Amino acid sequence: MKPLRPLVFAVALTSAGCIHTDDPDAEQSATTSSVALGLRRAVCINGPSYYGGIDPSAVDAVVAIRPHCVRLNVRVTARESSPAALDEGVMRQYDALLERYRNERIQPYLLLHAETLGLGETAARDPARRAALVANWAAIVARYRDRVRYFEVYNEPNNWVGPSDPKLAPGDFAALLCDAYRAIRGAHPDWPVELVSG
C-alpha cells in the first residue's frame, strides 16, 4: 500500500484547500485522462531541509519534479533556554529555501516539530518543554506568516517509540495543539495562516 500514500496525501491536500494552482488546465487534467499530469501538478512532497548546510542539487531535483507544494521540516532554530530567539544564521538558510521555491511557483509549507529546538520526539510530554516548543513555533510563524500559509504542528504523534509507547499520549497531544492554537491563531487572528496536524 505504500505507493498509494502520495496519492492519498495529494487528494487530502486538495480537499483541504491546501493546493491552489494558477494553471487553468490543472483541474481538468486531474479529472480526465491526463491523471498522471494532474497528480504531478497536485502533489506535495518532502523537500530537503537545513542540517547545517543545504545541497543545492537536492533543491534542484525538487524543482525539476515541479510539485505544487513542498514540505520543509524546520530543524534546530533556537536554544531551548531562549526558544523565541531564532538563530539568524539558520533562519537565513530557510529564507533562501523559501525564496527559491516561491520563485519557482512551488508552494512551501513548514513542519514544526520537536526538532525545531533540537529536542527528542517525546519532548512535548513535559509541560515546560511543550511551552518552549510553542514559543519557538510562534516565533517561526511570525517570521514567515507573509510567505507561508500552512504550518504543520507536530507530526505523527501516535508513532511508536517503544513496544507500546506512542510519542505523545492523547492528552499531551491535545494540550500541545491547544497551546499552539492559542499562541498563534488565538493571539494573532489577523495572521493569514492555517495550522494542521496529524
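(A) Summary view of the sheet that holds strand S3 (residues 107-112). The strand order across the open sheet formed by five strands is S1-S2-S3-S4-S7, and the pairing between neighbours is parallel. Here the strands that pair on one side only, and so sit at the sheet edges, are strand S1 (44-46) and strand S7 (194-196). The average angle at which neighbouring strand axes cross in this sheet is 25°, direction not considered. Alignment of strand S4 (residues 150-153) against S7, held across three bridges, turns out to be parallel. If you follow Glu 152 over to S7, its bridge partner there is Val 196. Packing of helix H5 (residues 88-103) onto the sheet brings it into contact with strand S2 (69-73) and S3, and relative to S2 it is tilted by some 170°.

(B) Inspection of the pattern of salt bridges at higher detail. As enumerated under the stated definition, the model contains 16 salt bridges in all. Of the charged contacts in the structure, one is a salt bridge between Arg 71 and Glu 152, with a shortest N-O distance of 2.8 Å. Of this pair, Arg 71 sits in strand S2 while Glu 152 is found in strand S4, placing the two residues 81 residues apart along the sequence. We note a salt bridge from Asp 172 to Arg 130, for which the minimum N-O separation is 3.9 Å. Taken together, the residues Asp 172 in helix H7 (residues 170-186) and Arg 130 in helix H6 (residues 127-144) connect sequence positions 42 residues apart. By relative accessible area, which is 22% here, Asp 172 ends up partly exposed. Three or more residues are tied together by salt bridges with common partners; here these are Glu 88, Arg 92, Asp 95, Arg 143, Asp 146 and Arg 147.

The rules behind the values
Residues numbered from 1 in each chain as written. Predicted model: local features only at pLDDT ≥ 70, side-chain atom pairs only at ≥ 80, totals over all residues. Heavy atoms only, no water. Pairing = 2+ DSSP bridges. Helix = DSSP H or I, 4+ residues; strand = E, 2+ residues; numbered from the N terminus. Axes fitted to C-alpha atoms, helices over the stretch in contact; angles between N-to-C directions. Contact = heavy atoms within 4.5 Å. Salt bridge = Lys/Arg side-chain N within 4 Å of Asp/Glu carboxyl O. Buried < 20%, exposed > 50% of the residue type's maximum accessible area, 1.4 Å probe, protein only.

Shape descriptors only; they carry no functional weight alone.
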